[in-house]
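Structural characterization, general
Letter by letter, the chains look like this.
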Amino acid sequence: MTSDPQTAIEVRGLAKRFGDVQALAGIDFDVRKGELFGFLGPNGAGKSTTINVLTGLARPDAGTIRIVGIDCSKNPKAAQHLMGVVPDEGNLYPELNGFENLAFCGALYGMAKPDREARAKHLLDRFGLTNAARRKFAGYSRGMKRKLTIAAGIIHEPPILFLDEPTTGIDVASARQIRQLIADLNASGTTIFLTTHYIEEAERLCRRIAFIVQGRIVRIDTVENLMRRTEGRHVVHFAVSDNARSLCDRIAAHSPNLQCQAVAGGGIRVESSEPVQVGPLVRLLEDCGAEVAEARKVRPSLEDVFVEITGIEAGAMKQEKERAKMGGGA
Amino acid sequence: MKPWIAFWNILAKDMRSYYLKPPNISWGIVFPLAWTAMFFIRSGSGLDSIPNLLPGVMAVSVLFGTTSMLAVTVTFEKKGRSFERLLLAPIPLELLMLAKTTGAIAFGVANAFVPVIIAVFLADLSTVNWPTLIPAVVLIAVSSTFLGLFIAVSVSEVFEAQTFSNFFRFPMIFLTGLFFPIEKLPLWLRPLSYALPLTYGADVLHASIRGAGHMPLLLDFALLAAFCAALFGVSLRNIRRRWIV
């Protein structure tokens, strides 16, 4: 089998089983050079297993992986030289400071001392960590740890970067900064394989996205094509005081052509293929004794597409992951 | 790619992070001192007993020093996931594990010479055959380190590594001829003695220090080297099977 020279990652029939659990059930996909490819799915869908298998931390039961044409089963170390890996948890050395961690990671890739030290300084500056360069990694905040872990992943300027949940469990400002860094890295030519459960993050950053559920890829497409599914849909969100579920039943009884759903945080989401008349619905809700704090039209998002394709409630998926992350620590 | 850069930096990091830390330096000095004092007092035969005790104290110092450190440098890093970073590095697993173990080997050799330095001031060591003693100490340190590596990759918690180490270490004190001749052991225990690498290291040490070896030196060295190769090979296989699953 010969590879397309424009393909950075080529995966065919990749399968992996842990005991009774089929973690990956024969997945296929390609990532093109310079692409920012999103890998979306709920907890346990197979995202981290995919990264582990692609990067050589796990052995596949079946299938082939080519990294820039290199067959990983035959020459895994050559492939690893072309990759940077940022795991879902900071795995740098707590006893080393920021600068030492980066310089050490550079040494693992055979970088000469002057090169790795210059690169470490450059990355500390780029990630806004220069003032923390001499502080031990153990004393970093969660956001700083994530940034340094990403810096360690690109210390050797790899053409391909694997990012596993890069913004999970960190503060909004750090997450925003990391998203910008990811976009900049991609703009400078780095191919990025990004797993995330933040659908809006994937929508904003990625060109193409794969949805993975229970070890199977259920859909791969460009964000543009995926969003076409939402064309002609009209969505209105009502913020109501309470009883959203019973209010939904009332709306459904009143207007059977509307799809109505109670959403987390005390809201009702109304969807239709026709423009939704907000006024009559507000009056209906108020007649039912509800206090309507807000009614606004919502642009259908990739999250809607995700829910439609996978049948998984995206908000629940995000909360579950956040809880797991906060419990486990960074 | 220059793998030696990775090798050297892994070793240098471990030396800084673990072996050259004050608690470990003091452990490396105090532990052999304690063993020396314990057996010296127990023997009750004064300074003359030092050449008899020295092989055992040296070997035990190496054994405990090396196996204890591997539980930290390997099991602890595996538990904290920083070991994954090493597995992702584009260097062969063999070289990576040699880098992770070379610090422990050096630590073990240094441990062995603490009682030797003490003995220099208390006993006549002019008859010691240094050209055989030094390579024997190095091989004992290598085999003990690889035994520690075998233990470290067989468990997932640091305390398990320490407990599992004792399963090997304490019987080895009594079964390998360090302090009690193998010939005086019950007949049924002797095969077990010959299945332990330290038996051959102890024999070279006894031969080098007091000219009282029981087996040909070449055989001792060959068997020690074979144990080193086997323990390293099995450890690598276990890493591939258990950690790269």
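All figures in this text were calculated on a predicted structure; none of them were measured in a lab.

Our next topic: the overall build of chain A. Scanning chain A from terminus to terminus reveals twelve helices and 14 strands. The principal-axis extent of the C-alpha atoms belonging to chain A is close to 75 × 50 × 40 Å. Of all 330 residues assigned to chain A, the portion counted as buried reaches 43%. Within chain A, contacts between residues at least 6 apart in sequence are counted, and of these 69% link residues at least 24 apart.

Turning next to the nonpolar core. Counting 139 residues, the largest nonpolar core has Leu 102 and Leu 194 of chain A together with Ala 59 of chain B as the members making the most contacts within it. With 14 residues, the single largest contributor to this core is helix H3 (residues 50-79) of chain B. Listed in part, the 13 residues of the second largest apolar core include Val 240, Cys 248, Ile 268 and Val 270 of chain A.

All names here are of chain A. Its identity as a non-glycine residue notwithstanding, Glu 157 has a phi of 50°, on the positive side. The residue Glu 165 is not glycine, and still its phi comes out positive at about 50°. With respect to the helices and strands, the residue Glu 165 is situated in the loop between strand S7 (160-164) and helix H6 (172-187).

A few words on the packing of H3 of chain B against helix H9 (residues 197-210) of chain B. All names here are of chain B. Two elements in contact, H3 and H9, have axes whose closest approach is 9 Å; the angle formed by their N-to-C orientations is 145°. For the pair H3 and H9, the crossing hand works out as right-handed. Taken together, the residues of H9 that come into contact with H3 (itself represented by Pro 51, Asn 52, Leu 54, Pro 55, Met 58, Ala 59 and Leu 63) are Leu 198, Gly 201, Ala 202, Leu 205, His 206, Ile 209 and Arg 210. Taken together, the residues of the contact of H3 with H9 sort by class into ten nonpolar, three polar and one charged.

Moving on, we get to the sheet that holds strand S10 (residues 216-222) of chain A. All names here are of chain A. Spatially, the six strands line up as an open sheet ordered S6-S7-S8-S3-S9-S10, and their pairing is mixed. Looking at the sheet topology across the chains shown, the edges are occupied by strand S6 (83-86) and S10. Taken over all neighbouring pairs, the strand axes of this sheet differ in orientation by 15° on average, direction set aside. The pairing of S6 with S7 spans four bridges and is parallel. Across the sheet, Met 83 pairs through a bridge with Ile 160, a residue of S7.

All names here are of chain A. Sheet architecture is open: four strands sit in the order S2-S1-S4-S5, paired in antiparallel fashion. On the outer flanks of this sheet lie strand S2 (21-32) and strand S5 (70-71), each paired with one strand and no other. Against the sheet, helix H1 (residues 47-55) contacts strand S1 (7-18), S2 and strand S4 (62-67), and its axis sits at roughly 115° relative to S1.

So, about helix H5 (residues 142-153) of chain A. Residue and element names in this part refer to chain A. Spanning twelve residues, H5 covers 17 Å between terminal C-alpha atoms, matching the ideal 16 Å at 1.5 Å per step. Within H5, ten of the twelve residues are buried, leaving the element largely enclosed by the surrounding structure. Taken as a whole, H5 has its buried residues at Met 144, Lys 145, Arg 146, Lys 147, Leu 148, Thr 149, Ile 150, Ala 151, Ala 152 and Gly 153. Tucked into the core, H5 has its buried residues touching S6, helix H3 (98-108), helix H4 (113-126), S7 and H6.

Assigned domains of chain A: these are domain 1 (7-228) and domain 2 (234-300). Computed from C-alpha atoms alone, the centre-to-centre distance between domain 1 of chain A and domain 2 of chain A is 40 Å.

The sheet contact formed by strand S9 (residues 208-213) of chain A and S10 of chain A spans six bridges and is antiparallel. Paired with Ile 212 of chain A across the strands is Ile 217 of chain A, a residue of S10 of chain A.

For the rest of this paragraph, the subject is the pairing of S2 of chain A. Residue and element names in this part refer to chain A. Of the strand pairs in this sheet, S1 and S2 are connected by nine bridges, and their pairing is antiparallel. By the bridge assignment for S2, Val 11 is matched with Phe 29. Remark: two residues form the turn of the hairpin made by S1 and S2, two consecutive strands paired antiparallel; Gly 19 in that turn has positive phi of roughly 60°.

Rules used throughout
- Residue indices follow the written sequence of each chain, beginning from 1 at its first position.
- All chains are assigned letters beginning at A, and all ligands numbers beginning at 1, according to the order in which they are written.
- Given that this is a predicted model, residues contribute local features only at a pLDDT of at least 70 and side-chain atom pairs are listed and counted only at 80 or more, while totals for whole chains, interfaces and linings are drawn from all residues.
- Numbering of helices and strands runs from the N terminus, with a helix taken as a DSSP run of H or I at least four residues long and a strand as a DSSP run of E at least two residues long.
- Exposure classes come from backbone-placed C-beta atoms, where a residue is buried if 20 or more other C-beta atoms lie within 10 Å of its own, exposed if 12 or fewer do, and partly exposed in between.
- What counts as a contact here is a pair of residues whose C-beta atoms, placed from the backbone, lie within 7 Å.
- Nonpolar core, as used here: buried Ala, Val, Leu, Ile, Met, Phe, Trp, Tyr and Cys residues forming one set through C-beta atoms within 7 Å.
- Lines are fitted to the C-alpha atoms to define the axes, a helix being fitted only along its stretch in contact, and any angle between axes, read from their N-to-C directions, falls within 0 to 180 degrees.
- In this scheme, a crossing is called left-handed if the near helix is turned counterclockwise away from the far one by less than a right angle; it is called right-handed if the turn is clockwise.
- Each residue receives one of three labels: charged for Asp, Glu, Lys and Arg, nonpolar for Ala, Val, Leu, Ile, Met, Phe, Trp, Tyr, Cys and Pro, and polar for the others, Gly being one of them.
- One bridge is not enough; two strands pair if DSSP finds at least two bridges between them.
- Multiplying one less than the number of residues by 1.5 Å gives the expected span of a helix.
- Domain borders in the structure are assigned automatically or taken from a domain database.

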